[in-house]
Amino acid sequence: NCRNGRALGNLIRNNSNLFQSNDAIRALVMKVVELKERLNNREVSGLLNTLSRARVPPAARELHGKLMFALSELARKKLSSFAARDISMTVNALAKRNIRNPKCFEEMGE
């Protein structure tokens, strides 16, 4: 039922057990894929920030990391319109979860 990144971020924040269920994780990934072209800068950086704070069990960490990596690639595509706050939130979220995307870090640092 989430129609934008802000609503999706709220859903993630309000469901602490979201990453306990494979079905819920799949639904989250599908929703991000569905919304990705419509997400604005703040929504991309906000989703990354929210995901970096989510409680993720060991069994879901790989998929969680892939989702964050995919969002970091989307952030790279939108970088020319990112504000300093968006860049900061993106870089901090990736660093917090040790998501390695050298191209993203490099481009955001320029």
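Right, let's walk through the structure included here. All figures in this text were calculated on a predicted structure; none of them were measured in a lab.

**Focus: the environment of Asn 41**
Here Asn 41 is to be found in helix α3 (residues 41-53). Since its relative accessible area comes to 16%, Asn 41 is described here as buried. In the structure, Asn 41 is positioned 55 residues away from Lys 96 in sequence and 19 Å away in space, judged by C-alpha atoms. Dropping the residues within four chain positions of it, Asn 41 is found in contact with Lys 78, Ser 81, Phe 82 and Asp 86.

**Brief notes about helix α2 (residues 22-35)**
Across its 14 residues, α2 extends 20 Å between first and last C-alpha, which sits within 8% of the 20 Å expected from 1.5 Å per residue. Burial in α2 covers these residues: Ile 25, Leu 28, Lys 31, Val 32 and Leu 35. In an axial view of α2, the angular spread of the buried residues amounts to 125 degrees, which keeps them on one side of the axis. Of the exposed residues in α2, the ones pointing more than 90 degrees away from its buried face are Asn 22, Asp 23 and Met 30. As for α2, its buried residues are in contact with α1 (5-14), α3 and α4 (61-78). Looking at where α2 begins, the residue whose side-chain oxygen comes 3.3 Å from the main-chain nitrogen of Asp 23 is Ser 21.

Rules used throughout
- Residues numbered from 1 in each chain as written.
- Predicted model: local features only at pLDDT ≥ 70, side-chain atom pairs only at ≥ 80, totals over all residues.
- Heavy atoms only, no water.
- Helix = DSSP H or I, 4+ residues; strand = E, 2+ residues; numbered from the N terminus.
- Buried < 20%, exposed > 50% of the residue type's maximum accessible area, 1.4 Å probe, protein only.
- Contact = heavy atoms within 4.5 Å.
- Expected span 1.5 Å × (residues − 1).
- Arc of directions from axis to C-beta.
- Polar contact = N/O pair within 3.5 Å; in protein donor to acceptor, adjacent residues only side chain to side chain.

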